[in-house]
Amino acid sequence: KQWYQRRVREPTINTEAEKTETKVETTDKGTKLEAVSTEGVEVESHVAAKIVKQLEYYFGDRNLRQDRFLLREVTLDNGWISLDTMLNFKRLASICSDKAKIAKAIESSNTSLIVLNEEKNKIRRNPDRPLPKNSDEEKLASNLKTVYVKGLPLDLNIDKAEEFFAAHGKTCYIKLRKDGSSQFKGSVFIEFETQADADKIVLNKELKFTPESEPLIVMSRNDYFKSKSMNVKQEKNTKREEQMGGNAEVKLDVPETVEFEKGKVLKITGLAGVETTREEMKTVFEGNGVSWVTFNKGDPEAFIRFDGSAQEALDKVKSDEKFMLSGKEASTVVLEGEEEEAYWKKAALEKAEFFHRKNTNRKRRFDGGGRGGRGGRGKRHRRD
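Counting restarts for each chain, with residues numbered from 1 along the sequence as it is written. For a predicted model such as this one, the threshold for reporting local features is a pLDDT of at least 70, and the threshold for listing and counting side-chain atom pairs is 80 or more; totals across whole chains, interfaces and linings nevertheless cover every residue. Heavy atoms throughout the structure, all of them, feed into the side-chain values; hydrogens and water do not.

Colleague: When you look at unusual backbone geometry in this model, what are you seeing that I'm missing?
Modeller: Keep in mind that most residues, glycine aside, have a negative phi and that most peptide bonds are trans. The phi torsion at Asn-78 lies on the positive side, around 55°, for a residue other than glycine. In this text, helices come from DSSP runs of H or I with a minimum length of four residues, and strands from runs of E with a minimum of two, each type numbered from the N-terminal end. In this structure, Asn-78 sits in the loop between α5 (68-73) and β1 (81-82). Working definition: with a 1.4 Å probe on protein chains only, accessible area under 20% of the residue-type maximum means buried, over 50% means exposed, and in between means partly exposed. Among the residues examined, Asn-78 registers a relative accessible area of 63% and is labelled exposed. Residues other than glycine seldom take positive phi values, yet Ser-182 does so here, at roughly 65°. Considering the arrangement of structural elements, one finds Ser-182 in the loop between β5 (171-178) and β6 (184-192). A relative accessible area of 52% means that Ser-182 is categorised as exposed.

Colleague: Sorry if this is basic, but what is going on with the sheet that holds β1 here?
Modeller: The pairing of strands in a sheet comes from backbone hydrogen bonds and takes either a parallel or an antiparallel form. Note on pairing: DSSP must find at least two bridges between two strands before they are called paired. What the three strands build is an open sheet, ordered β1-β3-β2; its pairing is antiparallel. What marks the edges here is a single partner per strand, and that holds for β1 and β2 (114-116). Note: β1 against strand β3 (residues 122-125), two bridges, orientation antiparallel. Across the sheet, the residue bridging to Ser-82 is Lys-122, located in β3.

Colleague: Honestly, the nonpolar core in this entry has me stumped. Any pointers?
Modeller: Most often, soluble globular proteins keep nonpolar side chains buried together rather than apart. Ranked by internal contacts, the top residues of the largest apolar core, which has 28 residues, are Ile-51, Leu-55, Met-86 and Ile-123. Those elements that provide at least two residues to this core are α3 (45-58), α5, α6 (83-86), α7 (90-95), α8 (99-108) and β2. The greatest single-element share of this core, amounting to six residues, is contributed by α3. Any two residues having at least one pair of non-hydrogen atoms within 4.5 Å are treated as being in contact. For Met-86, the residues in contact, after removing those within four places along its chain, are Leu-55, Tyr-58, Phe-59, Leu-70, Ile-81, Leu-92 and Ile-123. Membership of the second largest hydrophobic core comes to 19 residues, among which are Leu-152, Ile-174, Ile-190 and Leu-216. Here, nonpolar core refers to any group of buried Ala, Val, Leu, Ile, Met, Phe, Trp, Tyr and Cys residues whose side-chain atoms link them within 4.5 Å.

Colleague: Can you help me understand the side chain of Lys-264 in this one?
Modeller: As for its placement among the helices and strands, Lys-264 is situated in the loop between α12 (221-243) and β8 (265-269). Filtering out sequence-adjacent residues up to four positions away, Lys-264 remains in contact with Ile-304, Arg-305, Phe-306, Asp-307, Gly-308, Ala-310 and Glu-340.

See the structure below:
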(Lines give C-alpha, C1' and ligand atoms only; values in the text may rest on other atoms or scores of the structure.)
Protein backbone atom coordinates (compact mmCIF):
# COMPACT_ATOMS: atom_id res chain seq x y z
CA LYS A 1 0.00 0.00 0.00
CA GLN A 2 2.82 2.43 0.82
CA TRP A 3 4.54 1.62 -2.45
CA TYR A 4 1.32 2.34 -4.34
CA GLN A 5 0.86 5.70 -2.59
CA ARG A 6 4.38 6.76 -3.48
CA ARG A 7 3.73 5.98 -7.17
CA VAL A 8 0.54 8.05 -7.11
CA ARG A 9 2.24 11.05 -5.49
CA GLU A 10 5.24 10.92 -7.85
CA PRO A 11 3.98 10.26 -11.41
CA THR A 12 6.54 9.37 -14.04
CA ILE A 13 7.00 11.73 -16.99
CA ASN A 14 7.65 9.64 -20.08
CA THR A 15 8.11 12.06 -22.96
CA GLU A 16 10.08 15.21 -23.67
CA ALA A 17 6.84 17.03 -24.54
CA GLU A 18 5.36 16.16 -21.13
CA LYS A 19 8.51 17.37 -19.40
CA THR A 20 8.27 20.71 -21.19
CA GLU A 21 4.55 21.11 -20.48
CA THR A 22 4.97 20.35 -16.78
CA LYS A 23 7.82 22.82 -16.50
CA VAL A 24 5.83 25.57 -18.21
CA GLU A 25 2.76 24.99 -16.03
CA THR A 26 4.78 25.11 -12.81
CA THR A 27 6.55 28.31 -13.87
CA ASP A 28 3.30 30.10 -14.70
CA LYS A 29 1.67 29.08 -11.43
CA GLY A 30 4.67 29.65 -9.21
CA THR A 31 5.89 32.97 -10.61
CA LYS A 32 3.95 36.20 -10.92
CA LEU A 33 4.11 37.41 -14.50
CA GLU A 34 5.35 40.93 -15.07
CA ALA A 35 3.43 43.27 -17.34
CA VAL A 36 4.94 43.82 -20.79
CA SER A 37 5.38 47.33 -22.12
CA THR A 38 5.14 48.02 -25.85
CA GLU A 39 5.85 51.74 -25.59
CA GLY A 40 8.52 52.70 -28.11
CA VAL A 41 8.79 49.12 -29.37
CA GLU A 42 9.18 48.73 -33.13
CA VAL A 43 8.72 45.55 -35.13
CA GLU A 44 9.56 45.14 -38.80
CA SER A 45 6.35 44.67 -40.78
CA HIS A 46 7.32 41.32 -42.28
CA VAL A 47 8.33 39.97 -38.85
CA ALA A 48 5.08 41.22 -37.29
CA ALA A 49 3.08 39.53 -40.05
CA LYS A 50 4.89 36.23 -39.42
CA ILE A 51 4.28 36.45 -35.67
CA VAL A 52 0.55 37.03 -36.07
CA LYS A 53 0.22 34.36 -38.76
CA GLN A 54 1.97 31.79 -36.56
CA LEU A 55 -0.21 32.60 -33.55
CA GLU A 56 -3.33 32.38 -35.72
CA TYR A 57 -2.14 28.96 -36.81
CA TYR A 58 -1.70 27.79 -33.20
CA PHE A 59 -5.18 29.00 -32.19
CA GLY A 60 -6.83 28.21 -35.53
CA ASP A 61 -9.64 25.70 -36.00
CA ARG A 62 -7.43 23.07 -37.61
CA ASN A 63 -4.56 23.04 -35.11
CA LEU A 64 -6.23 23.88 -31.80
CA ARG A 65 -8.74 21.03 -31.86
CA GLN A 66 -5.91 18.47 -32.15
CA ASP A 67 -3.18 20.15 -30.03
CA ARG A 68 -3.49 18.40 -26.65
CA PHE A 69 -1.09 20.80 -24.92
CA LEU A 70 -2.91 23.98 -25.97
CA LEU A 71 -6.32 22.43 -25.34
CA ARG A 72 -5.24 21.76 -21.76
CA GLU A 73 -3.70 25.20 -21.27
CA VAL A 74 -6.80 27.10 -22.42
CA THR A 75 -8.79 25.48 -19.61
CA LEU A 76 -6.50 26.73 -16.82
CA ASP A 77 -6.93 30.53 -16.91
CA ASN A 78 -10.14 31.36 -18.74
CA GLY A 79 -8.36 30.72 -22.03
CA TRP A 80 -5.34 32.96 -21.33
CA ILE A 81 -1.86 31.61 -22.04
CA SER A 82 1.27 33.53 -21.10
CA LEU A 83 3.76 34.67 -23.73
CA ASP A 84 6.40 32.79 -21.71
CA THR A 85 4.48 29.58 -22.38
CA MET A 86 3.98 30.39 -26.05
CA LEU A 87 7.72 30.91 -26.48
CA ASN A 88 8.21 27.23 -25.71
CA PHE A 89 6.98 26.67 -29.28
CA LYS A 90 10.16 26.51 -31.34
CA ARG A 91 8.56 27.89 -34.49
CA LEU A 92 7.36 31.07 -32.77
CA ALA A 93 10.65 31.49 -30.89
CA SER A 94 12.58 31.21 -34.17
CA ILE A 95 10.55 34.08 -35.61
CA CYS A 96 10.80 36.30 -32.53
CA SER A 97 11.70 35.59 -28.89
CA ASP A 98 11.06 39.13 -27.61
CA LYS A 99 7.76 39.26 -25.68
CA ALA A 100 7.44 43.04 -26.16
CA LYS A 101 7.73 42.67 -29.93
CA ILE A 102 5.23 39.80 -29.98
CA ALA A 103 2.77 41.90 -27.98
CA LYS A 104 3.38 44.88 -30.25
CA ALA A 105 2.77 42.75 -33.35
CA ILE A 106 -0.59 41.57 -31.99
CA GLU A 107 -1.50 45.04 -30.78
CA SER A 108 -0.78 46.60 -34.18
CA SER A 109 -2.48 43.89 -36.26
CA ASN A 110 -6.08 43.60 -37.39
CA THR A 111 -6.39 39.96 -36.27
CA SER A 112 -9.86 39.00 -35.08
CA LEU A 113 -8.68 35.65 -33.68
CA ILE A 114 -5.96 36.55 -31.15
CA VAL A 115 -6.68 38.73 -28.11
CA LEU A 116 -4.00 40.41 -25.93
CA ASN A 117 -4.72 41.07 -22.23
CA GLU A 118 -4.30 44.47 -20.52
CA GLU A 119 -0.91 43.58 -19.06
CA LYS A 120 0.15 42.44 -22.55
CA ASN A 121 1.74 39.30 -21.15
CA LYS A 122 -0.98 36.80 -22.11
CA ILE A 123 -2.99 35.92 -25.18
CA ARG A 124 -6.02 33.79 -25.96
CA ARG A 125 -8.39 32.89 -28.77
CA ASN A 126 -11.14 35.47 -29.18
CA PRO A 127 -14.15 34.27 -27.10
CA ASP A 128 -16.42 35.66 -29.83
CA ARG A 129 -14.98 33.00 -32.14
CA PRO A 130 -15.49 29.72 -30.26
CA LEU A 131 -13.88 26.58 -31.61
CA PRO A 132 -16.35 24.90 -34.00
CA LYS A 133 -17.59 21.45 -33.09
CA ASN A 134 -15.69 18.67 -34.81
CA SER A 135 -18.75 17.56 -36.78
CA ASP A 136 -19.03 15.69 -40.07
CA GLU A 137 -20.06 18.96 -41.75
CA GLU A 138 -16.92 20.69 -40.49
CA LYS A 139 -14.72 17.81 -41.69
CA LEU A 140 -16.37 17.88 -45.13
CA ALA A 141 -15.92 21.65 -45.41
CA SER A 142 -12.27 21.34 -44.37
CA ASN A 143 -11.62 18.57 -46.89
CA LEU A 144 -13.17 20.61 -49.71
CA LYS A 145 -10.83 23.51 -48.92
CA THR A 146 -7.73 21.28 -48.87
CA VAL A 147 -5.46 20.86 -51.89
CA TYR A 148 -2.62 18.43 -52.70
CA VAL A 149 0.41 19.82 -54.57
CA LYS A 150 3.34 17.73 -55.83
CA GLY A 151 6.58 18.54 -57.65
CA LEU A 152 7.96 21.16 -55.25
CA PRO A 153 11.74 21.53 -54.69
CA LEU A 154 13.11 19.17 -52.05
CA ASP A 155 14.79 22.03 -50.15
CA LEU A 156 11.45 23.76 -49.59
CA ASN A 157 10.73 24.91 -46.01
CA ILE A 158 7.56 26.24 -44.42
CA ASP A 159 8.55 29.88 -44.94
CA LYS A 160 9.08 29.41 -48.67
CA ALA A 161 5.86 27.42 -48.93
CA GLU A 162 3.84 30.13 -47.18
CA GLU A 163 5.39 32.82 -49.36
CA PHE A 164 4.65 30.92 -52.58
CA PHE A 165 1.05 29.95 -51.82
CA ALA A 166 0.16 33.33 -50.31
CA ALA A 167 -0.19 34.61 -53.88
CA HIS A 168 -3.03 32.14 -54.46
CA GLY A 169 -5.19 32.88 -51.41
CA LYS A 170 -5.07 33.01 -47.63
CA THR A 171 -4.06 29.67 -46.14
CA CYS A 172 -4.83 28.36 -42.68
CA TYR A 173 -2.79 25.16 -42.79
CA ILE A 174 0.23 23.89 -44.74
CA LYS A 175 1.66 20.43 -44.15
CA LEU A 176 5.03 19.50 -45.66
CA ARG A 177 4.83 15.77 -46.36
CA LYS A 178 7.93 13.83 -45.20
CA ASP A 179 9.16 10.27 -45.52
CA GLY A 180 10.20 7.87 -42.75
CA SER A 181 13.55 9.62 -42.35
CA SER A 182 11.91 13.07 -42.02
CA GLN A 183 13.02 14.16 -45.49
CA PHE A 184 10.66 16.38 -47.48
CA LYS A 185 8.95 14.40 -50.24
CA GLY A 186 8.24 17.36 -52.53
CA SER A 187 4.50 17.47 -51.85
CA VAL A 188 2.21 19.38 -49.49
CA PHE A 189 -1.36 19.55 -48.26
CA ILE A 190 -2.75 23.08 -48.05
CA GLU A 191 -6.03 24.16 -46.51
CA PHE A 192 -7.27 27.52 -47.78
CA GLU A 193 -9.63 29.76 -45.83
CA THR A 194 -12.18 29.61 -48.64
CA GLN A 195 -13.22 26.84 -51.00
CA ALA A 196 -13.17 29.33 -53.87
CA ASP A 197 -9.38 29.77 -53.52
CA ALA A 198 -8.91 25.99 -53.31
CA ASP A 199 -10.98 25.41 -56.46
CA LYS A 200 -9.13 28.18 -58.28
CA ILE A 201 -5.65 26.76 -57.69
CA VAL A 202 -6.80 23.25 -58.66
CA LEU A 203 -7.92 24.62 -62.04
CA ASN A 204 -4.52 26.27 -62.62
CA LYS A 205 -2.85 23.59 -64.76
CA GLU A 206 0.16 25.82 -65.49
CA LEU A 207 1.11 26.49 -61.86
CA LYS A 208 4.92 26.52 -61.50
CA PHE A 209 7.19 27.11 -58.52
CA THR A 210 9.63 28.98 -60.77
CA PRO A 211 9.24 30.06 -64.42
CA GLU A 212 11.87 27.46 -65.42
CA SER A 213 10.40 24.51 -63.51
CA GLU A 214 7.85 21.97 -64.68
CA PRO A 215 4.15 22.54 -63.92
CA LEU A 216 3.15 21.30 -60.49
CA ILE A 217 0.67 18.48 -59.99
CA VAL A 218 -2.34 20.02 -58.26
CA MET A 219 -5.53 18.24 -57.22
CA SER A 220 -8.15 18.38 -54.53
CA ARG A 221 -7.62 16.35 -51.37
CA ASN A 222 -10.57 14.12 -52.25
CA ASP A 223 -9.22 13.41 -55.74
CA TYR A 224 -5.77 12.63 -54.30
CA PHE A 225 -7.06 9.98 -51.90
CA LYS A 226 -9.37 8.59 -54.57
CA SER A 227 -6.45 8.13 -56.99
CA LYS A 228 -4.30 6.69 -54.21
CA SER A 229 -7.03 4.18 -53.42
CA MET A 230 -7.20 3.18 -57.09
CA ASN A 231 -3.43 2.71 -57.19
CA VAL A 232 -3.58 0.45 -54.13
CA LYS A 233 -6.29 -1.64 -55.80
CA GLN A 234 -4.24 -1.91 -59.01
CA GLU A 235 -1.19 -3.03 -57.02
CA LYS A 236 -3.28 -5.69 -55.28
CA ASN A 237 -4.66 -6.90 -58.61
CA THR A 238 -1.16 -7.05 -60.09
CA LYS A 239 0.15 -8.98 -57.11
CA ARG A 240 -2.77 -11.40 -57.32
CA GLU A 241 -2.09 -12.00 -61.03
CA GLU A 242 1.59 -12.64 -60.34
CA GLN A 243 0.68 -15.16 -57.66
CA MET A 244 -1.61 -16.90 -60.15
CA GLY A 245 1.19 -17.07 -62.70
CA GLY A 246 -0.31 -14.41 -64.92
CA ASN A 247 1.49 -11.63 -66.70
CA ALA A 248 1.71 -8.50 -64.58
CA GLU A 249 1.68 -6.27 -67.65
CA VAL A 250 -1.72 -7.09 -69.06
CA LYS A 251 -2.52 -5.41 -72.35
CA LEU A 252 -6.16 -4.43 -72.32
CA ASP A 253 -8.14 -4.58 -75.52
CA VAL A 254 -8.81 -0.85 -75.93
CA PRO A 255 -8.85 0.65 -79.46
CA GLU A 256 -6.76 3.76 -80.11
CA THR A 257 -9.79 5.54 -81.56
CA VAL A 258 -13.22 5.18 -80.01
CA GLU A 259 -16.37 5.59 -82.07
CA PHE A 260 -19.24 7.37 -80.34
CA GLU A 261 -22.32 9.45 -81.03
CA LYS A 262 -21.81 13.11 -80.20
CA GLY A 263 -23.89 15.12 -77.76
CA LYS A 264 -24.87 12.34 -75.38
CA VAL A 265 -22.84 13.27 -72.29
CA LEU A 266 -23.77 15.98 -69.78
CA LYS A 267 -21.20 17.37 -67.33
CA ILE A 268 -22.46 18.87 -64.06
CA THR A 269 -20.07 21.07 -62.05
CA GLY A 270 -20.26 23.01 -58.80
CA LEU A 271 -21.25 19.97 -56.72
CA ALA A 272 -18.63 20.48 -54.01
CA GLY A 273 -20.50 20.62 -50.72
CA VAL A 274 -23.80 19.58 -52.31
CA GLU A 275 -25.39 16.55 -50.64
CA THR A 276 -26.51 14.50 -53.62
CA THR A 277 -26.28 10.95 -55.00
CA ARG A 278 -26.34 9.07 -58.29
CA GLU A 279 -29.86 7.91 -57.47
CA GLU A 280 -31.07 11.50 -57.10
CA MET A 281 -29.59 12.40 -60.51
CA LYS A 282 -31.34 9.44 -62.08
CA THR A 283 -34.59 10.56 -60.46
CA VAL A 284 -34.20 14.13 -61.78
CA PHE A 285 -33.75 12.82 -65.34
CA GLU A 286 -36.23 9.97 -64.99
CA GLY A 287 -37.91 9.19 -68.30
CA ASN A 288 -35.15 10.93 -70.32
CA GLY A 289 -33.06 7.87 -71.15
CA VAL A 290 -30.24 7.95 -68.59
CA SER A 291 -27.84 5.10 -69.39
CA TRP A 292 -24.94 5.80 -67.01
CA VAL A 293 -24.01 8.19 -64.16
CA THR A 294 -20.40 8.74 -63.10
CA PHE A 295 -20.38 10.27 -59.62
CA ASN A 296 -19.23 9.45 -56.09
CA LYS A 297 -20.33 11.28 -52.95
CA GLY A 298 -18.12 14.32 -52.39
CA ASP A 299 -17.06 14.67 -56.05
CA PRO A 300 -17.12 18.26 -57.36
CA GLU A 301 -18.53 17.15 -60.72
CA ALA A 302 -20.62 14.41 -62.34
CA PHE A 303 -21.09 12.95 -65.84
CA ILE A 304 -24.43 11.64 -67.09
CA ARG A 305 -24.67 9.62 -70.30
CA PHE A 306 -27.98 9.51 -72.17
CA ASP A 307 -29.42 7.20 -74.82
CA GLY A 308 -30.37 10.28 -76.82
CA SER A 309 -29.53 13.98 -76.82
CA ALA A 310 -28.11 15.29 -73.53
CA GLN A 311 -29.18 18.85 -74.36
CA GLU A 312 -32.80 17.82 -74.94
CA ALA A 313 -32.86 15.93 -71.63
CA LEU A 314 -31.40 18.96 -69.85
CA ASP A 315 -33.91 21.38 -71.36
CA LYS A 316 -36.78 19.21 -70.13
CA VAL A 317 -35.73 19.33 -66.46
CA LYS A 318 -34.62 22.99 -66.28
CA SER A 319 -36.74 25.41 -64.26
CA ASP A 320 -36.59 29.09 -65.23
CA GLU A 321 -33.49 28.31 -67.30
CA LYS A 322 -31.78 26.94 -64.18
CA PHE A 323 -30.70 23.39 -63.40
CA MET A 324 -31.39 22.59 -59.74
CA LEU A 325 -30.00 19.66 -57.75
CA SER A 326 -30.69 19.14 -54.04
CA GLY A 327 -32.20 22.61 -53.92
CA LYS A 328 -29.06 24.29 -55.28
CA GLU A 329 -28.23 25.59 -58.74
CA ALA A 330 -25.52 23.65 -60.57
CA SER A 331 -23.63 24.45 -63.76
CA THR A 332 -24.04 22.17 -66.77
CA VAL A 333 -22.39 21.70 -70.14
CA VAL A 334 -22.79 19.11 -72.88
CA LEU A 335 -19.38 17.63 -73.65
CA GLU A 336 -17.86 18.25 -77.05
CA GLY A 337 -14.51 18.20 -78.80
CA GLU A 338 -11.45 16.81 -77.01
CA GLU A 339 -13.22 16.65 -73.64
CA GLU A 340 -15.97 14.48 -75.10
CA GLU A 341 -13.46 12.18 -76.82
CA ALA A 342 -11.47 11.86 -73.57
CA TYR A 343 -14.64 10.85 -71.73
CA TRP A 344 -15.44 8.05 -74.19
CA LYS A 345 -11.83 6.78 -74.16
CA LYS A 346 -11.90 6.63 -70.37
CA ALA A 347 -15.25 4.82 -70.50
CA ALA A 348 -13.80 2.26 -72.95
CA LEU A 349 -10.77 1.70 -70.69
CA GLU A 350 -12.95 1.21 -67.60
CA LYS A 351 -15.11 -1.25 -69.51
CA ALA A 352 -12.03 -3.24 -70.59
CA GLU A 353 -10.69 -3.25 -67.02
CA PHE A 354 -14.06 -4.49 -65.74
CA PHE A 355 -14.15 -7.46 -68.13
CA HIS A 356 -10.48 -8.21 -67.42
CA ARG A 357 -11.18 -8.40 -63.67
CA LYS A 358 -14.26 -10.52 -64.35
CA ASN A 359 -12.29 -12.99 -66.48
CA THR A 360 -9.46 -13.06 -63.93
CA ASN A 361 -11.86 -13.91 -61.10
CA ARG A 362 -13.50 -16.59 -63.25
CA LYS A 363 -10.09 -18.12 -64.03
CA ARG A 364 -9.24 -18.04 -60.36
CA ARG A 365 -12.39 -19.98 -59.46
CA PHE A 366 -11.86 -22.63 -62.13
CA ASP A 367 -8.16 -22.99 -61.29
CA GLY A 368 -8.92 -23.88 -57.69
CA GLY A 369 -9.26 -20.50 -55.97
CA GLY A 370 -12.93 -21.03 -55.09
CA ARG A 371 -14.96 -23.62 -53.25
CA GLY A 372 -14.06 -27.18 -54.08
CA GLY A 373 -10.59 -26.42 -55.40
CA ARG A 374 -7.24 -26.36 -53.66
CA GLY A 375 -7.79 -24.93 -50.22
CA GLY A 376 -11.60 -25.06 -50.55
CA ARG A 377 -14.07 -27.22 -48.75
CA GLY A 378 -14.26 -29.68 -51.62
CA LYS A 379 -16.27 -32.85 -51.61
CA ARG A 380 -16.85 -34.63 -48.34
CA HIS A 381 -15.62 -38.19 -48.12
CA ARG A 382 -17.06 -40.82 -45.90
CA ARG A 383 -14.73 -42.00 -43.18
CA ASP A 384 -14.89 -45.76 -42.56
